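Structural features, examined
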Amino acid sequence: MSTTNQIPASVTNVGQEILGTVSPAPKSLAVHHIPERSHSEKQYDTGNSELLATTNNTDVLIVDWDGPDDPQNPINWSYRRKWAATIIISSFTFISPVSSTMIAPATGQVASSFGIDNDVILALTTSIFVLAYAMGPLVLGPLSEIYGRSRVLQLANLWYLVWNLVCGFSQSESQLIVFRFLAGLGGSAPLSIGGGFLGDCWQPHERGKAAAIYTLAPLMGPVLGPITGAWVAQYSTWRWVFWSTSIVDAAIQIIGVFSLQETYAPLLLERKAERIRRSMDAEKAPYREIRTVFEGQDRSWRSIMTKSLIRPFALFAHEPIVQLLGVYMAYLYGILYLFLTTMPSIFEGIYQQPVGIAGLHYIALGIGLITASQLNAKTMDKVYIYLTNKYGGVAKPEFRLPAMVPGSLLLPIGCLIAGWTAQAHTYWIAPDIGIALVGAGIILNFQCTQTYIIDCFTLHAASAMAAVSCLRSLAGFGFPLFAPAMYNALGFGKGDTILAVVAIVIGCPAPWILWYYGERIRNSSRHAR
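Model, not experiment: these values are computed from the prediction. Sequence positions are assigned chain by chain, starting from 1 and proceeding in written order. Residue-level local features of this predicted model are given only where pLDDT is at least 70; pairs of side-chain atoms are given and counted only at 80 or more, and the full residue set underlies all totals for whole chains, interfaces and linings. As a convention, hydrogens and water are excluded, and side-chain values are obtained from all of the structure's heavy atoms.

Quick look at the overall build of the chain now. In this text, helices come from DSSP runs of H or I with a minimum length of four residues, and strands from runs of E with a minimum of two, each type numbered from the N-terminal end. When helices and strands are counted, the chain shows 19 helices and three strands. The buried label goes to any residue with under 20% of its type's maximum accessible area, the exposed label to any with over 50%, and the partly exposed label to all in between, with areas taken from a 1.4 Å probe on protein chains only. Residues classed as buried in the chain amount to 60% of the 529 residues present.

Only buried Ala, Val, Leu, Ile, Met, Phe, Trp, Tyr and Cys residues count toward a nonpolar core, and they belong to the same one when joined by side-chain atoms within 4.5 Å. Within the largest apolar cluster, 111 residues are counted, with the highest numbers of intra-cluster contacts made by Leu411, Ile442 and Phe457. A total of 18 residues in this core trace back to one element, the largest contributor, which is helix H13 (residues 320-350). We call two residues in contact whenever any of their non-hydrogen atoms come within 4.5 Å of each other. Other than its neighbours up to four places away in sequence, Phe457 contacts Leu315, Glu319, Ile321, Val322, Ala464, Ser525, His527 and Ala528. Within the second largest apolar cluster, 11 residues are counted, among which are Tyr264, Ala265, Leu267 and Leu459.

This part covers unusual backbone geometry. Positive phi, normally seen in glycine, also occurs at Gln352, with a value near 55°. Here Gln352 shows up in the loop between H13 and helix H14 (355-359). Overall, the relative accessible area of 61% leaves Gln352 in the exposed class.

The next point concerns a nonpolar patch on the surface. Among the surface-exposed residues, Ile357, Leu360, Ile363 and Ile367 lie close enough to one another that they form a single nonpolar patch of about 320 Å² accessible area. The topology assignment puts Ile357 in helix H14. In this scheme, patches are assembled from residues that exceed 30% relative accessible area and form no salt bridge. Like charges are connected within 9 Å, while nonpolar side chains (Val, Leu, Ile, Met, Phe, Trp, Tyr) are connected within 5 Å. Reported accessibility uses the Shrake-Rupley method at a 1.4 Å probe radius. Residues are deemed covered only where the shown protein chains occlude them. Salt bridge, as used here, is a side-chain nitrogen of Lys or Arg placed within 4 Å of a carboxyl oxygen of Asp or Glu.

Its place among the elements puts Gly434 in helix H17 (residues 429-456). For Gly434, a relative accessible area of 0% translates into the label buried.

Expected helix span is computed as 1.5 Å times (number of residues minus one). For helix H7 (residues 173-187), which comprises 15 residues, the first-to-last C-alpha distance of 20 Å matches the rise-based estimate of 21 Å (1.5 Å per residue) to within 8%. Taken residue by residue, H7 has Leu176, Ile177, Phe179, Arg180, Leu182, Ala183, Gly184, Gly186 and Gly187 as its buried positions. Residues of H7 that are buried make contact with helix H3 (79-102), helix H4 (107-114), helix H5 (119-147), helix H6 (149-167), helix H8 (189-201) and helix H10 (239-259).

Ring pairs shown here join Phe, Tyr and Trp side chains whose ring centres sit within 6.5 Å, with only the six-membered ring taken for Trp; geometry is labelled stacked below 30 degrees between planes, edge-to-face above 60, and tilted in between. For the coordinates displayed, the defined rule picks out 21 aromatic pairs. When the ring of Tyr333 is compared with that of Tyr337, the centres are 5.0 Å apart and the planes differ by 55°; the resulting orientation is tilted. Of the two residues, Tyr333 and Tyr337 both sit in helix H13, four residues apart, roughly one turn of that helix. Each member of the pair Tyr333 and Tyr337 is classed as buried. Ring pairing ties together the aromatic residues Tyr384, Tyr391, Phe399 and Trp515, which thus form one cluster. Taking NZ or CZ as reference, Arg400 lies 4.1 Å from the ring centre of Tyr384, over its face. The criterion is that NZ of a Lys, or CZ of an Arg, lies within 6 Å of the ring centre and within 35 degrees of the ring normal, and then a charge sits over that ring.

Nothing here speaks to function; it is geometry throughout.
Laid out in structure tokens, this is it:
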């Protein structure tokens, strides 16, 4: 992820906000840095030079990493250890979105079981899960910056596991909707906390491949969910849709308990400080106070909680980067869930295909997501390093943006192809091509924007991702509710044309605005680096 002393490389890429608000040490207290001195070449301006000043008096001990190569710092973990953590996080991030759409092909069975004849209520049984995605990260993301990434993630996933299992025992539509919402609250944790994990573990020039896998998971989950859900519903019952995902999630939970380690630097240093406190004799201790480089003097639970819970709202209210990319990511997520919920009406309605066969067309969306994701994963870090070298060796978050240009073009092209070929009843492969291009455009934009946000708000990546996750999840909840009315009134051709035009208006200017003005915006920010 802090001027007189040099702070280790692991904390030099932290946003200035947390250290800029640390209270200076009182004049009566001299401050002494922990004996293991840092040798980082980059100094970090905390705005409080007195805090890290070294004097001959040793009343306060500031705990930091043991130099820039401290193996306890997650940024210095081995690649094997980093990738293990990334894969586990991506697995958590994958299984929850599977649940968000896996029930979609089985909504007919749900309607028959509970006697639902209202299209909005029926759509709500699917999209209510995504509404919880909008609320959960606002609390879970900041909590991970207080109690640590791993602990909050695993407890939230356990909450999701319990309520997802209970969904299979629902006896009415109201019970199913409530249980789905509660499951979604826990399932939302990886979407906000996962970005923090990547920011903790990976250097900016290494982060592209890890981010490519992490961003693919929450988009592939909703695609694979309906494919498996269609066959489960056809050969079993809709209840096994929930029970089967709970079994898979239980396996991931067990792996996470034994393998997923904490990565949040302030918490790890707090643990180190606590070990130092315990090792010292209270009466003979040479230090009056021991605290980490991240800590101020006000460390009350209420103060930390208030600040962390407000931060996502503050980021969205005051950060133009979060506002612009949050709106665009919301639109992307809305289109994704709109296609996920309306594809059955295309292939079961227009093409008269059975449920299982119609579910296979989600593969087209998956092909677009996977192909574009892997191509971008192989080139993102190379482009980042090339641009860094080209511009004098100074790395900037804006070097994550080039792939947004083709992504912002593929999305509207795919919408037009999918809509008008379905409207014309052409051979089924034609709308599948359009759907694949939609998937490619969505994942390219997702990967670039999420990595850009992580690079800009490294220490508070979880809060920044919580802010954008809230907005995008509201769109994912709302788009499927109005889609049936839009397509019934306009048809698939005109309806998808409207989606394409809005995608051009919002998406195409975004990479250019951030490329030319992003650094100026970041320099005026209290939170971005």
